[in-house]
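Topology and contacts: notes
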Amino acid sequence: MDSTSFYAHILGLNSPWLVSKVDLNTALGEVRVHVRHASEDALTCPECGLGGPLHDHAPERTWRHLDICQFQTLLVCSVPRVLCPDHGARQVSVAWAEAKSRFTLLFEALAIDLQLHCARRRAAEIMGVSEDSLASIARRAVDRGLARKAKEREEGETLTSSHLTLDEKYWRGRHCATVVGDALRGVVEEMAEGNSTASAQSALKALGKVVLAKVESITMDLHGPFATAARREIGESKIVYDTFHVVKLVNDAMETVRRGEVNYYLSMKDKEGAKILKSARFSILRSPANQRGRSKEAVANVCDWFYQTGEAYKLKELLRIYHELPDAASVRKHLLGWIEEAKKSTLAPMVKVSKTIAKHLVGIVRSIEMRVTNAAAESLNARIQAVRVKARGHRHYEAFRTSVLFHLGGLDLYPRPRGESCPVSA
Ligand SMILES: [Zn+2]
C-alpha cells in the first residue's frame, strides 16, 4: 500500500475524494495530506443539490486532523466551485469537515469529548491547540445542538418532559441567570440573562409552543417575578412550589432571628450568651434525626435559654415535616395551622414567611398532589455549580451559557458529515 492509499484509507476518504499527494516533514513533525475531487465535471451545488460544471477552485486551505503516527496531520485542498444555474458559483461541500470549520469532523468530535471530561487547559495540551480554538469548537457544538433541538421541537418530536423547573443561578458576583430545567431528565432546557419577570418569560418563550402546550408542572422557588412569568406563559394551575424552597425560606427566617438575638446579647454585653448562640448556627439547621452529641446539646441549649431563636427553631421544625404527610388535605390543614402559629410568635421574619406561605399555599400543596420529584432538579443545580467552578469564573454571560449548555444541555453536540456516507471514520 503506497502512502496516498494508506492515508486515504486511514482518513476514510471515499469517492469522489482522493489523496493526491502526501508531504511528510519530519523536522516539523507534520504531514500534509493533499486531497482532491476526482470528478470535477460532475459537481453538486451545496444549496440545492443540482449538478453543474466546474467554475474554478477556491484558494488552498488546510484542516487540522487528529495526529497520525504522532505527526500533526493537516488535510490540504483547493475546493472546487460548482456553477449552479440557480445559485451561481458555490464551493462544494467537503466530506471531512463542516462549512467554515478549520478542523476535521473527527478532530472536533475528540475535542468535544475531551472538553466534556477534563478542563479545557488539559484538553488543549492533549490536542496541541489553543484554548481559544477549543472554546470556538464548544461554541459551535452548542449552536449545532440547539439548532437540532429547535428542529425537533418544530417537528413535534421534543424530548423535553412535561415537568419543568425554573431557577435563578448566580454565575459571577451579583450577576444572575434564569435557568429552565427538565425536572425528569435533569438537563438545562433554556437560559436567559438576569432573574426578572422579563428574563423568565424570554426563557420560557424560547421553549416553543410544542413544549409549552404540554407542560403539566413548573417547579420554582417563591420568587415573585418567576411566578408572574410562569403565570403569563404557562398558567397559574401548573405552578408548583417545591419543599426545598419552602424549607429554605423558613431556614433563612430562623437565621435572621438568630442573628438578631446574637446582636441583642452583644448589646447587653453578654458575650457568653452571644457565643453559645453563634456556635449553634449549623446545629439548629439540622433535623432532629441528624443531630448527635454536641449538636443535640447545642439545640437543647437554644430551646431552653434563647427564647426567640428557640421559638424560630420550633416553627422551622413544625413546618419542615409537611411534605411527609400522607395527602394534600392533611398538608393544607397542617400549613394553615402553621401559619396561625407563626403569626402568634410575633417574630417578624416568621410572620413574613407565614404571609408568603399563605399567598402561595395552593402551589405548595400542589407539589404534594403531583409528587413531582425534585431530585433531578437539585442534582442539576449542583452540576451547574460544578461547571461554574470548572470554568474558573466566566467574564461574560454568553460564555457561562455556552458552558452550561455544553455540559448540561442534553444536546447532540457532535458534527456529522453531509450526505449519506460517513467519509471520515475512526
Ligand atoms: Zn444551487
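Everything numeric here is computed off the predicted structure, so don't read it as measured data.

Conventions used here
- Residues numbered from 1 in each chain as written.
- Predicted model: local features only at pLDDT ≥ 70, side-chain atom pairs only at ≥ 80, totals over all residues.
- Helix = DSSP H or I, 4+ residues; strand = E, 2+ residues; numbered from the N terminus.
- Buried ≥ 20, exposed ≤ 12 C-beta atoms within 10 Å, placed from the backbone.
- Contact = placed C-beta atoms within 7 Å.
- Pairing = 2+ DSSP bridges.
- Axes fitted to C-alpha atoms, helices over the stretch in contact; angles between N-to-C directions.
- Expected span 1.5 Å × (residues − 1).
- Parallel < 35°, antiparallel > 145°, perpendicular 65-115°, else oblique.
- Left-handed = near helix turned anticlockwise from the far one by under 90°.
- Nonpolar A, V, L, I, M, F, W, Y, C, P; charged D, E, K, R; others polar.
- Core = buried A, V, L, I, M, F, W, Y, C linked by C-beta atoms within 7 Å.
- Domains from an automatic or database assignment.

Secondary structure summary: the protein chain contains 16 helices and 14 strands in total. Along the three orthogonal principal directions, the C-alpha set of the protein chain runs to about 90 × 50 × 35 Å. Residues classed as buried in the protein chain amount to 34% of the 426 residues present. At a minimum sequence separation of 6, the contacts of the protein chain that also span at least 24 residues come to 56%.

Glancing now at the sheet that holds strand S2 (residues 30-37). With mixed pairing, four strands are arranged side by side in an open sheet as S1-S2-S7-S6. With partners counted over all chains shown, the strands left at the sheet margins are strand S1 (17-25) and strand S6 (61-68), one partner each. The sheet shows a mean angle of 25° between the axes of neighbouring strands, direction not considered. Where S1 meets S2, eight bridges bridge the pair, whose relative direction is antiparallel. Looking across to S2, one finds that leucine 18 is bridged to arginine 36. Along the sheet, helix H1 (residues 3-11) contacts S1, S2 and S6; its crossing angle with S1, the most-contacted strand, is approximately 110°.

The next point concerns helix H11 (residues 307-320). For H11, which comprises 14 residues, the first-to-last C-alpha distance of 20 Å matches the rise-based estimate of 20 Å (1.5 Å per residue) to within 8%. Of all the positions in H11, only Gln308, Thr309, Gly310, Glu311, Ala312, Tyr313, Leu315, Lys316 and Leu319 are classed as buried. Looking at the packing, one finds that the buried side of H11 touches helix H8 (243-267), helix H9 (271-279), helix H10 (293-305), helix H12 (328-345) and helix H13 (348-359).

Turning our attention to the packing of H8 against H9. Taken N-terminus to C-terminus, the directions of H8 and H9 make an angle of 160°; their axes are 8 Å apart at the nearest point. Taken together, the axes of H8 and H9 lie roughly antiparallel to each other. In this structure, the crossing between H8 and H9 has a hand that is left-handed. Across the interface between the two elements, Arg258, Glu261, Val262, Tyr265 and Leu266 from H8 touch Gly273, Ala274, Leu277 and Lys278 from H9. Across the contact of H8 with H9, the residue classes break down as five nonpolar, one polar and three charged.

Another point: the nonpolar core. Membership of the largest hydrophobic core comes to 94 residues, with the highest contact counts inside it found for Trp96, Leu166, Ile218, Ala230, Ala253, Val302 and Ala312. The dominant element in this core, judged by the number of residues it contributes, is H8, at seven residues. Of the residues that make up this core, three or more belong to each of domain 1 (3-102) and domain 2 (243-370). What leucine 166 contacts, discounting residues up to four positions off in sequence, is Val180, Ala200, Ile218, Met220, Phe226 and Ala230.

One open sheet holds the five strands; their spatial order is S12-S11-S10-S13-S14, and the pairing between them is mixed. Both outer strands of the open sheet, strand S12 (187-193) and strand S14 (239-241), are each paired with one neighbouring strand and no more. Looking at each pair of strands side by side, their axes are set apart by 30° on average, direction ignored. Here strand S10 (residues 163-172) runs beside strand S11 (residues 175-182); their pairing, made up of eight bridges, is antiparallel. Residue pairing for S11: glutamate 168 is matched across the bridge by threonine 178. Together, S10, S11 and S12 form the strand contacts of helix H5 (residues 197-205), whose direction differs from that of S12 by roughly 135°.

Our focus in this paragraph is unusual backbone geometry. A cis amide bond links serine 15 with the next residue in sequence, proline 16, at an omega value of 10°. You can see proline 16 is positioned in the loop between H1 and S1. The phi torsion at lysine 100 lies on the positive side, around 70°, for a residue other than glycine. Looking at lysine 100, the number of C-beta atoms within 10 Å reads 6, which means it is exposed.

Take the packing of helix H3 (residues 120-127) against helix H4 (residues 131-154) next. One can describe the packing of H3 onto H4 by two numbers: an axis separation of 9 Å at closest approach and a directional angle of 110°. Taken together, H3 and H4 sit at an angle that is classed as roughly perpendicular. Every residue of H4 that contacts H3 at Arg120, Arg121, Ala123 and Ala124 is listed here: Glu131, Leu134 and Ala135. Of the residues in the contact of H3 with H4, the class split is four nonpolar, no polar and three charged.

This part takes up the environment of serine 199. Structurally, serine 199 can be placed in helix H5. Residue contacts for serine 199: discarding those within four places in its chain leaves Thr178, Ala192, Glu193 and Gly194.

This brings us to the domain arrangement of the protein chain. By the assigned domains, the protein chain splits into domain 1 (3-102) and domain 2 (243-370). For domain 1 and domain 2, the distance between their C-alpha centres works out to 68 Å.

Looking now at the environment of cysteine 45. Positionally, cysteine 45 belongs in the loop between strand S3 (43-44) and strand S4 (51-52). Owing to 20 C-beta atoms within 10 Å, cysteine 45 belongs among the buried residues under this scheme. Taking C-alpha positions, cysteine 45 is 22 Å from phenylalanine 103, a pair spaced 58 residues apart along the chain. Apart from residues no more than four positions distant in its own chain, cysteine 45 is found in contact with Leu50, Gly52, Val82, Cys84, His87 and Arg90.

What follows covers the pairing of S11. Burial runs high along S11: six of the eight residues are buried. Between S10 and the antiparallel strand that follows it, S11, lie two residues; glycine 173 among them carries a positive phi value of about 50°. In the sheet, S11 pairs with S12 via six bridges, with the strands oriented antiparallel. Bridge pairing in S12 links alanine 177 to glutamate 193. Hairpin connection of S11 to S12: four residues between the antiparallel strands, including glycine 186 at a positive phi of 65°.

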